[in-house]
Every structure is written in structure tokens, then in C-alpha cells.
Amino acid sequence: MLETFLEVEFEELSDDMRDKVEEGVKKRLNAINMFLENPKRIELIARDIAEHFKENVDGTFKAMVVAASRKSCAYYKEALDKWLPKEYSEVVMTYNERSDTQVIQHRISEAKARYGGKEMDDIRKEFVEKFKEEEYPKILIVTDMLLTGFDAPILQTMYLDKPLKEHRLLQAIARTNRPYKGIKEAGVILDYIGILKEFKRAFELYSEEEIKGALSGMESLREDFNNLLDGLLAFFSDIPKDNYDRQTMLRSIEVLTTDEDNSKRFLEDYRELRKSFELLGPAEIKIERFSDFKWVSGIYTFYINTILQSQLGHEMYVQKYFEKTLRYVHRTTELENLRNDLPVISFDENYLSDLEEKSKSKEEKAASIVFTLNRLVLVEKHKNPVYESLTDKVERILKLWKEKTKDFERIYADGIEVFKKIEKLSQRQKELGFSDMEYSLLLNLEKKFEDGSEFIKDIRELSDRLQDHIFDNWAVQQTARKNVEREVRRFVRRYVKKRGLKIDELDNLYQNLMENVENYGKPGSNQ
């Protein structure tokens, strides 16, 4: 290209002059000047960046454009402003206000006008802080700055339009890989220059182990998505796919709840699958496997709503970061109907009558009562002394549920017995006017000694003595903790003579009662 240019433009030059001019032009017309700073090329890429950002990143994460030069940064800002709101992007680079070209000088003037004439160094620092902490800017445009040492976990996508080499490329890629709130474990690199094709060759200095996992292509991501989805479907090999009726969902949940390893693996693998689904963008594999992904998502939705309702708040928070999953899967008719058809059965005085009315079979009644007990007693046990006192009974029911030959009538009957016990114990706590701490102490003593009308009076006395030592964070303050321990130990000693406690029994009872006080002892709880 240079030779053609010289032939056309320098025809009239003498040979000596031509050689000098050619050498000077070669020095100045490097790849960046000729190609990467081309405003028309940058405008085309900026449009592609804007479309990708709006579709895949905006509202969830943030992004960085790595341009080839400072002039390219300025061109990228102008081009992105045509396709995105101006507040979306900011340029972070060094400036020389006296010698910079006109396009860069324009960036200086524009930034100073917005920031009341502040120095560019101060303005640049604000851009970076706002990127980390505030909604805007959502995209930083850089060339040399922030490629190393910049830590912003919300940064997920890098639009790469600069030839980087060896460790500098690896460091730049690492900017996007910071974990973020349990919803991001890897970043996305869109390569507009082709440098990532040379990734392995560029890192010949490193061992395979050192760079393993540093960069995975879309093909690898598709493979991971397929493998995860196939693994999840294998859990339910005996269950017909594409059915979303309650009976199918219950059979699927049985598979998970009868084996703790299955349950744990299903949750972990589905969440990884969902991340892959998001990262794949418009990949065809999502269309090809959509039916399977939707069905597995239906099981996950049913599981979260029926088994892990204590996690619903967190799940709703997480879901907002998975817009494509929501848009393409959770808003489908099948999953909307599944969510709406779930019988809402609140645990209150009407629980058992609602269960009888809304559940359609013995299996469904048994499943509902098992799932509710699991959630209330085993998951929430440390929040309620009544639940905590019934842990052993509920674990026995769960053991029955996990047996391959299920006795649904017995499971349901035993579950009803536990619920009636919950009602009875809860009513008694109200009548006594006991706090959770006081009631947990009473239930523990009655479990140990079975009978003892004097326990109620004894516990009231202990509660009064603890009142001055229990305040916010008392358990981690040495003096307060020692005072509480002294009072509890003194309290336990009274039963050595009264109940014939042996030394090991005394220590065991002391430990149990201290756990009660630590768990439920809060300011005002002993009133």
C-alpha cells in the first residue's frame, strides 16, 4: 500500500529526495496511524460495542474499551456517544494540554466544562471512583491506564482493540475476572484486533498450568454449557421431559430431596449453567438446547419455591442479574403457570386444613409436610426454640422420606403430630410470657430432666441476673461473656444436689444452656 501511494504521489520527486521522504513516511505511517486510528473503522466498531453492551451488559455489569492510542480513545468517545447516552462512557488517559491534537483537546475542554474547570488528573480520578461506586459511567475508554492493578469487580466485559503482548495481555484480561457478588466468576473479552488468536503463542514463556483457565473461547463455553445441561438432565433420567405438571415436578424434587449429594450438586450445577447461558450471548446452542434448559429451570424454580423458601429473597436479588434467563426462560408460559399454580400454604393456625384442601394426593400431602418441616425446623431451627426442640423428630421423618419405599400415610401422620406439637409449645410460650432465650432454656431443662415445676421460677431468676450483661455483641466482649458464663455455671450447679448431676453431665448441660443464651440472648430478650 505504501509503495502504491509513493508511486502516485511522489512521481515528481528526485530519486535522492524520494528515498528520504519514503523513509520518513514509513516511520510515521505505522499500523496504528494507518488502521487502528481510522475514525470510520472506529465508528463501525463503536456501533457493534453499543449493541452488544445494551443487549448483554447494561443493567448488570460494566465494561472497558481498550483503544490503540490516546487519539483512538477520543474517537471512540465521539462514536459511542452517537449510539449510547453520553453519560454512559468516559475516557481515562493522560493529557498534554499544550501539545495534544484537536480531537484530544476537545475531550479536555468538554470534561472541564462538566466538572467546573477542575484539573484533568482530578477529573480522571472521579471517573474511576464513579465507575466503581455509582451507576455512571458504565464504560471506561482507556489505552494504557487501568490495564494493570485496577480492581473493579463489576467490570465484566472488555472490548479489545489494541495489540497487547505477553504478560500485559494477561494482566488486561485479568481485570474482568474479579468475582462479583456470587453472580460473576469470569469476564468476557470481545477481540476486534485478532490478538487472542495468538494467545498460546504469546504465553510460551509461561507453563500450561500457569495460564490454564486464564482464557476460554466460545467453543469451550458451549462445551461447558452442554456438559452441565446433560449432567443435570441425567438426575431425572426416569422422568418424562417437557412436562410441567405438579406430579412431574414432585417426582423431580423427590430425586433431589432423597439424596443430599444430588440436591447440593443440582443447585451448584444449575447456577453454573445459568451463568454459562448468560455468557453465551446470542450463540445458537441456546436455541438448540432451549427446551432442555427451560425444563431444568422449571425444576429449579419449583425446588426454590417449595424447599428453600428461606432463600427466595436472595434468589430474587440474584435473578435481576440474569436478565436473559428471566427474559427467555422464566417468563415462558410453562414457568409462569408453574409458579402461579404452586399452592400458597402459609404456616399458621390454618396450615393443616389448607394442606388437606389444596393437596391432591397422599404423596403431595406427604411431600408438602416434609418440605415445610425441613424448611421450618431444620433450616430455621436456630431462629426459634420450639423448632430447635423438635429437630430429632423431624430428622426421623426425613429419614422415612428418603427411603425408596415410602410410607406416605405414616410420613403425613408423623408430620401432623409434629405440627400439633409446634402449636402446643408455641401456645405455652405465649402463656408463660417467655422470651425465646428463656423458653429455649426451659425446653432444654425439661428435655434433660423430663419434669420439674421449679424450672420456670429458676429461669426467671437467671434471666433477671443476665439482664445487665446482655447487650449488642456481648458474646465477643470478654468481660460480659465471662459474667454470663459465671451466671449460667452457677445456675447449673444448683441441679447437682437437686437432680444428682455428675461432673460430665453438669458440663454438658452447661454447654447446652450457654448455646441457648448465645443464640437467643439479645438486648431486651430477657424481659
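Keep in mind the model is a prediction, meaning the values are calculated, not measured.

Colleague: Can you help me understand the sheet that holds strand β2 (residues 89–91) in this one?
Modeller: Within a sheet, adjacent strands bond to each other through the backbone by hydrogen bonds, running parallel or antiparallel. With respect to topology, five strands assemble into an open sheet ordered β2-β3-β1-β4-β5, the strand pairing being parallel. Looking at the sheet topology across the chains shown, the edges are occupied by β2 and β5 (188–191). Neighbour-to-neighbour, the strand axes of this sheet turn through a mean angle of 20 degrees, independent of strand direction. Contacts from helix α4 (residues 39–56) reach β1 (62–66), β3 (139–142), β4 (155–160) and β5 within the one sheet, and its direction differs from that of β4 by about 165 degrees.

Colleague: How should I be thinking about the pairing of β1 in this particular structure?
Modeller: Along any regular strand, the residues point their side chains to alternate faces of the sheet. By the criterion of burial, β1 is predominantly enclosed, with five of the five residues buried. Going residue by residue along β1, you find K62, M64 and V66 tucked away on one face and A63 and V65 tucked away on the opposite face as well. In the sheet, β1 pairs with β4 via five bridges, with the strands oriented parallel. Within the sheet, the bridge partner assigned to V65 lies in β4 and is Y159. For β1 and β3, the ladder comprises four bridges, and the chain directions are parallel. From the neighbouring strand, V66 faces β3, where its bridge partner is V142.

Colleague: I'm lost on a positive patch on the surface in this one. Help?
Modeller: Residues K393, R396, K421 and K424 make up a contiguous surface patch of positive charge. Mapped onto the positive patch, the elements with two or more residues apiece are α22 (391–402) and α23 (408–432).

Colleague: I'm lost on the pattern of salt bridges in this one. Help?
Modeller: A pair can form between side chains of opposite charge whenever their charged atoms are brought close. In this structure the tally under the stated criterion is 28 salt bridges. Of the charged contacts in the structure, one is a salt bridge between E126 and K118, with a shortest N-O distance of 2.3 Å. Residues E454 and R499 are paired through a salt bridge, measuring 3.1 Å at the closest nitrogen-oxygen approach. Within this pair, whereas E454 is found in helix α25 (residues 454–466), its partner R499 is found in helix α26 (residues 478–499), the two being separated by 45 residues in sequence. Relative accessible area serves as the criterion here: at 25%, E454 is assigned to the partly exposed category. In this structure R499 comes out as partly exposed when scored by relative accessible area, which is 28%. Several salt bridges converge on common partners, so that one network encompasses E90, R107, E110 and R114.

Colleague: I keep staring at the side chain of S89 and nothing clicks. Help me out?
Modeller: Tracing the backbone shows S89 in strand β2. Assessed through its relative accessible area of 1%, S89 is described here as buried. Excluding residues that lie within four positions of it along the chain, S89 makes contacts with K77, L80, D81, P137, I139 and I141.

Colleague: Explanation requested: helix α12 (residues 246–257) in the structure shown.
Modeller: Residues spaced three or four apart along an α-helix point in a common direction, a consequence of the helix completing one turn every 3.6 residues. Look at α12: 16 Å from first C-alpha to last across 12 residues, which is about the 16 Å you get at 1.5 Å a residue. Of all 12 residues making up α12, nine are buried, and the element is well covered by its neighbours. Every buried residue belonging to α12 is among R246, T248, M249, L250, S252, I253, E254, L256 and T257, and all of these are buried.

Colleague: It is not clear to me how the packing of aromatic side chains should be interpreted in this structure. Could you clarify?
Modeller: Two aromatic rings are characterised by how far apart their centres lie and by the angle between their planes. On inspection of all chains with the given rule, the structure shows 19 aromatic pairs. Ring geometry for F235 against F266: centres 6.4 Å apart, planes inclined by 75 degrees, an arrangement best described as edge-to-face. Here F266 lies in helix α13 (residues 260–279) and F235 lies in the loop between α11 (218–234) and α12, a separation of 31 residues in the sequence. When its relative accessible area of 0% is taken as the criterion, F266 is described as buried.

Colleague: It is not clear to me how the packing of α23 against helix α24 (residues 436–449) should be interpreted in this structure. Could you clarify?
Modeller: The description of two helices packed together rests on the angle between their axes and the distance between the axes. Orientation of α23 relative to α24, taken along the N-to-C sense of each, is 120 degrees, at an axis distance of 11 Å. For the element pair α23 / α24, the angle class is oblique. For the pair α23 and α24, the sense of crossing is right-handed. Residues L425, R428, Q429 and L432 of α23 lie in contact with α24, whose contacting residues are D436, Y439, L442, L443 and E446.

The rules behind the values
Residues numbered from 1 in each chain as written. Predicted model: local features only at pLDDT ≥ 70, side-chain atom pairs only at ≥ 80, totals over all residues. Heavy atoms only, no water. Pairing = 2+ DSSP bridges. Helix = DSSP H or I, 4+ residues; strand = E, 2+ residues; numbered from the N terminus. Axes fitted to C-alpha atoms, helices over the stretch in contact; angles between N-to-C directions. Contact = heavy atoms within 4.5 Å. Buried < 20%, exposed > 50% of the residue type's maximum accessible area, 1.4 Å probe, protein only. Patch = residues over 30% accessible without salt bridge, like charges linked within 9 Å, V, L, I, M, F, W, Y side chains within 5 Å. Areas by Shrake-Rupley, 256 points an atom, 1.4 Å probe, with all protein chains shown as cover. Salt bridge = Lys/Arg side-chain N within 4 Å of Asp/Glu carboxyl O. Lys, Arg positive; Asp, Glu negative; His and termini not counted. Charge placed at Lys NZ, Arg CZ, Asp CG, Glu CD. Expected span 1.5 Å × (residues − 1). Phe/Tyr/Trp six-rings, centres within 6.5 Å; stacked < 30°, edge-to-face > 60°. Parallel < 35°, antiparallel > 145°, perpendicular 65-115°, else oblique. Left-handed = near helix turned anticlockwise from the far one by under 90°.

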